[in-house]
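Okay, here's what each chain looks like letter by letter:
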Amino acid sequence: MCRNQSIGFARRPHSPGRRTGGTLCVGMVGVQAHALPVAARLSYRSLGAEARAARGFGVAFRARRRFAARPLVAAADAEFTDVAVLGGGAAGLTAAYFAAKAGARVTVYERNKETGKKILMSGGARCNVLPVSARVEDFVTESTPRLMKNVLASWNVERCREWLEDDLGLELGIEHVSNKYFPLSNSSKEVRDKLLRACEDAGVRVRYGASVEALRRVGGDGENLESGWALRLADAPEERAPVVVLAMGGLSFPAVGTDGTGYAIARRDLGHTLKEPYPALVPLTGEHPGGERMPGLSVDVSLECARPLDLGTGGKKKKKAKASREGFLFTHRGFSGPSVLDLSHNLVRPLARSKAGGFEVETKKSFGQEADTPLETAANETLPALIVNWSGESRDLWQTRLTEPPGRALVATRVKEELPARLAEALMSEAGVSPDTKVADLKKADRGALLDVLTKYAIEVSGHQGYRKAEVTGGGVALDDIDCSTMESKTARSVFFCGEVCDVFGRIGGFNFLWAWTSGRLAGMSAANRALSAER
C-alpha cells in the first residue's frame, strides 16, 4: 500500500473551469458579488487574462502594461518597490504573489534566513493546507463578526483549492478522517517551496534577514507617489515604499522568530486598536482523573465549555461552546488534542484580559520560558469549565449499561468495554467505586457519582503552555479599524493587513491557512491596486 493510501487520502478530481458564480461563499456565508470591491470580485485567473483584466481590474491592468518594460532592480533598493510586504509567512507570500500578478513590483522583508517557517511545521510537517469546507462558526474574532464574514466571502474553499493546484502546482488529496486537504507528497516543504517559487516567477524579490522594526509616514497623506512609508530596519539603513502589507504574524511559536513586532507597529506607529493578544489553540495543563498520569492516551470524547464569557459584550454569559472535533489527548502536563485546542481560548482569553498591562505583560513574560502559565484571575472572576463526556454517549445509556444483568458482572468490565482500561480505572477511582464492585452491589449513590464522572466530568485545568506551544495567536488588530473590502487600514492609508496579525483565528483543521490565503490574496490585490493607481 502506498503512503498516501495508508492515511486515507482520496485524490481530488480536477474540475477545470468550474467556478462559483453570483455569490462568493464560505459555507453558510455569502455576499453578492456586486457588493464587493473590484479586487475582491476577481478570481485569481482574471489577473492573467487581458480581456477580463481590462474589464474588471482596469487600473491595475493598464498600469502593468505601462510599466511592463521597466528593468528589474535590486530588492534592496526600496525606491523601486511598489509594495513592501512585511513578513514571509503564508499570508505574506500570498499577498506578494497576488500583488505581483497584478503588476506591482513587490519586495518581501523576511527577518529569518528562510520564508514560511510555520508552514514547514504545520500538520506535523505534512501541512493541512485547507479544510474541505468552512463556515463562519469555524472562526473566532472579537471584532464585528460581519467584517470577518466579508473577508471570508471574498474567496471560497473551492477557488482557493484550484489556486493551490493549478497555479502553485500542488497535488492535493482529502484525508477523510479529518476532512482536510493535504499535499499528496505529505510534505509541508513542498507547499512552502512551490508558494515561494510562484512568487519568484511572478517577479517578487525576497529580502532575507531583513527585520522591519517600525514604520513612519513620509511625504504627505498618501495621495500620490511622493508620499509613502519609511521602513526602519534592524542593523540597516531606512528604506521607503509607497504601499505596505503588514503580515508579520502573531506571537505563537517564538522559536521561529515571531515576537509581536507587527502588533507593536500597528498600535504604536499606525494608531490601531488591538484586541489584546493571547495564546490560542494551546494545550492546557492540569491533573488527570483519579490522580493518575496517562500521557499518550487518546480517546474520542464530547467536550464542551460551560459558561464561556462573551468578552465582546462586557463579559455576559452565552450559550455553551462545543468542540467540533472529538480527539482528546492526555499529555505529560495535562491535556491536548483537537477538542481541547479548539476550546482552550475560552479559558485562556479571560486570563489575558484580567492581567494588568495585557499585551505588554504577556509578551515580556512568555518568550523563551519553559514554565507553564497558571490560570489565575481576580477573586471576583470565574473561569469557564471544560466538561467532558468520555464516550459521547448519554447518561441513560450508561445507566442501562451499569444496571442490566447479570448482576455478578464487574462494573469495571462494563466500563472497560467502552473506554480504554487505564482511563476506566482512573474514572472509577475518581468516583470512589472499587474495581472489584459487582453490578448488583453498586449502590445508587455510587452509581450516580460514576455516571457524573463518565458523562459530565469537569476537567481540572490549572494553566496553559503559552505561546511556545500555541498553534496561533488570538486577538490582534481589530477588524473594525480595517476596511475589510480591501484589508486597508482606516487610520493609515496605503497600509494593508493580512494573516495572524488580524483579530481572527480558526479552529484546528486547515482553517488558519484558509484565513491566510484569503486575507493575503485580498490584501495583495488591493495593495497593488493602490500602488498602481497612484502611478497613473
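Structure: above.
Residues numbered from 1 in each chain as written. Predicted model: local features only at pLDDT ≥ 70, side-chain atom pairs only at ≥ 80, totals over all residues. Heavy atoms only, no water.

### Section: the pattern of salt bridges
Move 1: Taken as a whole, this structure holds 23 salt bridges when the rule is applied.
Move 2: The partner of D193 in a salt bridge is K189, and the shortest N-O contact between them spans 2.7 Å. In this pair, D193 and K189 are both assigned in helix α9 (residues 188-201), 4 residues apart and thus about one turn of the helix distant.
Move 3: Ionic contacts of the salt-bridge type, sharing partners, join the residues E114, K189, R192 and D193 into one network. (Salt bridge = Lys/Arg side-chain N within 4 Å of Asp/Glu carboxyl O. Helix = DSSP H or I, 4+ residues; strand = E, 2+ residues; numbered from the N terminus.)

### Details of the sheet that holds strand β18 (residues 302-306)
Move 1: Across the sheet, 4 strands lie side by side as β21-β18-β25-β26; this open sheet has antiparallel pairing. Since the sheet does not close on itself, it has two edges, and those belong to β21 (321-322) and β26 (457-458), each with one partner.
Move 2: For β18 and β21, the ladder comprises 2 bridges, and the chain directions are antiparallel. Counted as the bridge partner of E304 is K322 from β21. (Pairing = 2+ DSSP bridges.)

### Things to note about the pairing of strand β28 (residues 472-477)
Move 1: Here β28 lies mainly inside the structure; 6 of its 6 residues are buried.
Move 2: Note that strand β15 (residues 274-280) and β28 share 5 bridges and pair antiparallel. Note on β28: the bridge partner recorded for K275 is G476. (Buried < 20%, exposed > 50% of the residue type's maximum accessible area, 1.4 Å probe, protein only.)

### Description of the side chain of E239
Move 1: Mapped onto the secondary structure, E239 falls in strand β13 (residues 239-241).
Move 2: A distance of 2.7 Å separates polar atoms of two side chains, one belonging to E239 and the other to Y109.
Move 3: Within the local environment of E239, its side chain forms a polar contact with the side chain of R207, the two groups lying 2.9 Å apart. (Polar contact = N/O pair within 3.5 Å; in protein donor to acceptor, adjacent residues only side chain to side chain.)

### Overview of unusual backbone geometry
Move 1: Each neighbour pair has its own omega, and for P405 with P406 the value is 5°, a cis peptide bond.
Move 2: Looking at where P406 falls in the secondary structure, it is placed in the loop between α14 (395-401) and α15 (411-416).
Move 3: In this structure, D235 takes a positive phi of about 60° despite not being glycine.
Move 4: Summarising the element assignment, D235 is placed in the loop between β12 (228-233) and β13.
Move 5: Given the relative accessible area of 86%, D235 is considered exposed.
Move 6: Positive phi, close to 75°, is recorded for S494, a residue that is not glycine.

### Some words on the packing of helix α5 (residues 90-101) against α9
Move 1: Closest axis-to-axis distance for the α5/α9 pair is 9 Å, and the angle between their directions is 30°. In this view, α5 runs roughly parallel relative to α9, as classed from their interaxial angle. Viewed along their axes, α5 and α9 form a crossing whose handedness is left-handed. Contacts between α5 and α9 involve A90, L93, T94 and Y97 from the first element and L195, L196, A198 and C199 from the second.
Move 2: Residue composition of the contact of α5 with α9, grouped by class: 7 nonpolar, 1 polar and no charged. (Axes fitted to C-alpha atoms, helices over the stretch in contact; angles between N-to-C directions. Parallel < 35°, antiparallel > 145°, perpendicular 65-115°, else oblique. Left-handed = near helix turned anticlockwise from the far one by under 90°. Contact = heavy atoms within 4.5 Å. Nonpolar A, V, L, I, M, F, W, Y, C, P; charged D, E, K, R; others polar.)

Geometry only, nothing functional implied.
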